[in-house]
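A structural walkthrough
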Amino acid sequence: MKGEPELFNEIDLDKYESLKEAPENEPERQYYYMAKCRELIGLIEKKKGRKLTVYNLVVGCQMNAKDSEKIQGILTQIGFEKTDAEETADMVIYNTCTVRENANLKVYGRLGYLNSLKRERPDMLIAMCGCMMQEKHVVDTIKEKYRFVDIVFGTYNIYKTAELLYLRLTGGNMVIDIWNENKGIVEELPAVREYPFKSGVNIMYGCNNFCTYCIVPYVRGREKSRTSADIIDEIKKLVKDGVREVMLLGQNVNSYGKGLEEDITFAKLLYMVNDIEGLERIRFMTSHPKDLSDDLIYAIRDCKKVCRHFHLPLQSGSDTVLKRMNRHYDQERYLGLVKKLRDTIPDIAITTDIIVGFPGETDEDFEETMKVVEEARFDGAFTFIYSKRTGTPAASYPDQVSADIVKKRFDRLLSRVQAIASERISAHQSKVMEAMVEGMDDHLEGYVTGRLSNNVMVHFPGDGSLIGKIVPVMLKESKGFYYIGEMV
Ligand code: 5AD
Ligand code: SF4
């Protein structure tokens, strides 16, 4: 339990009901289609004698999670009720990820399952969206082998969910709408916020970095920053709606502001967000080491609301591998940044992403990664086995590393990063820290789960009335990656 999800930015659809034609302008055009869908869904509701339900599955990163909140907002306004029961849902929508191959394979597996559901209930609706749909070979496969899918759309047009649903409900054929670029961002849409007290806020879309292993620039397009006025406006609205913590979202937040007419950087934006009254915590995701400025480090130090957690993806510790990854920094620069962050903000937790088995990675290269792990002493690390993504430069690099070597390196890396993280986290034992209570504990009866500023979780006795509050907690017992505590 994490508090009831709420409909944010609800749109008054009544005045769009009587319109004869869809307006050309966004977002009014979508309000019109939401009103039209609401009418159609209302008729089906009457026939069935109950509300229609939607099962909304999201995988992947925070961006996808945010997109799915917008999709759910639209579907809620149309009249769908959210359900966890996929097997009986009237509509199933999957927001997909394609960063690594196994995510794709899982989707095909689930499509097989959906096919069996739809054979029994032919009027159920199936929609697929997100990053995986931006790949041509995926859409071709769906067209060929999964003809029962009703709606396919990508990452740039999620705001059109209502229009595409309307097309499907009135047309009868599979509706496919995939764009190849970001044609403009439509923001003024409803959203069902997963947590009443915290929210992601997009500050920019896309990525210009083209790391050679990564598919993101191909499926999420070029970097585009939102104006600071739009961002501040949205956060103020969220705060009015009960939000105490925001996560500023972008693939590469450190290059925020490039291409905007205003004179702004991510550091300046942090100071502005920090000034918003009523807001208590600020997080952000993700930073690229090549663009991490001293100004940003000082901004984090100076802005008391900015959480003491920095996620700084390393990817590899080897200079040759970093070069072939097109990362634009070397080991020395990376370790220099870690030192500067820790010297300037002593209580900061630093976490990272590491890829093992990039094409051509030798034993010596891997030892360089292990060396950085020992020196940087991360508070946490996501470790990934390199996954070949069709269309990225690295997919055609020679010397793909054999699976058994990768597995050995991966296991060694994982056990070291886990041991170090556990040591670092345990060092806080017996301290009192502030925790934002995020929900009831799933495992321990009568306990709540809270998040510390440094992103470590703590479980302590408490009840539902604490959800969304920030309370002081004594960290009694370290369990390696989390704490058992007690409110003081
Ligand atoms: N293979 C393995 N890991 C990848 N990542 C991105 N692309 C790949 C890939 N092809 C990892 C990076 C990134 C994180 C979000 O996913 O470490 O920081
Ligand atoms: Fe991918 Fe690199 Fe962009 Fe991150 S910065 S999304 S790893 S291309």
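As a starting point, this report considers the structure included with it. (Residues numbered from 1 in each chain as written. Chains lettered and ligands numbered in written order. Predicted model: local features only at pLDDT ≥ 70, side-chain atom pairs only at ≥ 80, totals over all residues. Heavy atoms only, no water.)

A few words now on the site of ligand 1. As a matter of local geometry, ligand 1 sits amid Val 99, Arg 100, Tyr 213, Gln 315, Asp 353, Ile 355, Phe 384, Ile 385, Tyr 386, Ser 387 and Arg 389. For ligand 1, a nitrogen atom lies 3.0 Å from a polar atom in the backbone of Tyr 213. Ser 387 places a main-chain nitrogen or oxygen 2.8 Å from a nitrogen atom of ligand 1. When the free accessible area of ligand 1 is taken as 410 Å², the share hidden by the protein chains comes to 85%. Within the residue set of the shell around ligand 1, elements represented by two or more residues are strand E15 (349–356) and strand E16 (380–385). Its residues assigned to classes, the shell around ligand 1 shows 6 nonpolar, 2 polar and 3 charged. (Near = heavy atom within 4 Å. Polar contact = N/O pair within 3.5 Å; in protein donor to acceptor, adjacent residues only side chain to side chain. Areas by Shrake-Rupley, 256 points an atom, 1.4 Å probe, with all protein chains shown as cover. Helix = DSSP H or I, 4+ residues; strand = E, 2+ residues; numbered from the N terminus. Nonpolar A, V, L, I, M, F, W, Y, C, P; charged D, E, K, R; others polar.)

Let us look at the packing of helix H9 (residues 266–274) against helix H10 (residues 294–302). Running from N to C, H9 and H10 point in directions that differ by 15 degrees, and their axes come no closer than 8 Å. With respect to H10, the axis of H9 lies roughly parallel. Taken as a pair, H9 and H10 cross one another with a handedness that is left-handed. Along the contact surface, H9 presents Phe 266, Ala 267, Leu 270 and Tyr 271, while H10 presents Asp 295, Leu 296, Tyr 298, Ala 299, Ile 300 and Asp 302. (Axes fitted to C-alpha atoms, helices over the stretch in contact; angles between N-to-C directions. Parallel < 35°, antiparallel > 145°, perpendicular 65-115°, else oblique. Left-handed = near helix turned anticlockwise from the far one by under 90°. Contact = heavy atoms within 4.5 Å.)

Residues in contact with ligand 2, as listed here, are Cys 207, Asn 209, Phe 210, Cys 211, Tyr 213, Cys 214, Val 216, Pro 217, Gln 251, His 288 and Arg 327. Split by residue class, the shell around ligand 2 holds 7 nonpolar, 3 polar and 1 charged.

All of the buried residues in helix H5 (residues 136–145) are Val 138, Val 139 and Ile 142. Considered in projection along H5, the buried side chains sweep an arc of 95 degrees and stay on one side of the axis. In H5, the exposed positions angled more than 90 degrees off the buried face are occupied by Lys 136, Glu 144 and Lys 145. Residues of H5 that are buried sit in contact with helix H4 (101–120), strand E5 (125–130), strand E6 (151–153) and strand E7 (175–177). (Buried < 20%, exposed > 50% of the residue type's maximum accessible area, 1.4 Å probe, protein only. Arc of directions from axis to C-beta.)

Strands sit in the order E17-E18-E19-E21-E20 around a closed barrel of 5 strands; the barrel is mixed. Between one strand axis and the next, the sheet turns through 50 degrees on average, direction left out of account. Direction of pairing for strand E18 (residues 447–452) relative to strand E19 (residues 457–461): antiparallel, over a ladder of 5 bridges. Bridge pairing in E19 links Gly 450 to Val 458. (Pairing = 2+ DSSP bridges.)

Below, the discussion takes up unusual backbone geometry. Along the chain, Glu 26 connects to Pro 27 via a cis peptide bond; the corresponding omega equals 5 degrees. Structurally, Pro 27 is set in the loop between helix H1 (14–17) and helix H2 (28–48). Between Met 285 and the following residue, Thr 286, the backbone shows a cis peptide bond with an omega angle of 0 degrees. Residue position: Thr 286 is located in the loop between strand E13 (281–285) and H10. Of note in the backbone geometry, Asn 9 takes a positive phi value of approximately 65 degrees without being a glycine. Tracing the backbone shows Asn 9 in the loop between strand E1 (6–8) and H1. A relative accessible area of 25% means that Asn 9 is categorised as partly exposed.

With that out of the way, let us pick up helix H12 (residues 331–344). For H12, which comprises 14 residues, the first-to-last C-alpha distance of 20 Å matches the rise-based estimate of 20 Å (1.5 Å per residue) to within 8%. For H12, the set of buried residues is Gln 331, Tyr 334, Leu 335, Leu 337, Val 338, Leu 341, Arg 342 and Thr 344. In the core, the buried residues of H12 are packed alongside H10, strand E14 (309–311), helix H11 (319–324), E15, helix H13 (363–376) and helix H14 (403–426). (Expected span 1.5 Å × (residues − 1).)

A separate point is the sheet that holds E16. Strand pairing in a sheet relies on backbone hydrogen bonds. The paired strands run either parallel or antiparallel. On the basis of which strands lie adjacent, the open sheet formed by 3 strands has the order E14-E15-E16 and parallel pairing. At either margin of the open sheet sits one strand with a lone partner, and together these are E14 and E16. The mean angle between the axes of side-by-side strands here comes to 15 degrees, regardless of whether they run parallel or antiparallel. Taken together, the 6 bridges between E15 and E16 define a ladder with parallel strand orientation. The residue bridging Thr 351 from the neighbouring strand is Gly 380, located in E16.

Another point: the pairing of strand E12 (residues 245–249). In terms of burial, E12 is largely enclosed, as 5 of its 5 residues are buried. Burial along E12 is two-sided: the residues Glu 245, Met 247 and Leu 249 and Val 246 and Leu 248 are all buried. In the sheet, E12 pairs with E13 via 5 bridges, with the strands oriented parallel. Within E13, the residue paired with Leu 249 across the bridge is Met 285. A crossover links E12 with its parallel partner E13, the connecting element being H9, and its sense is right-handed. (Right-handed = clockwise from strand over helix to strand, strands pointing away.)

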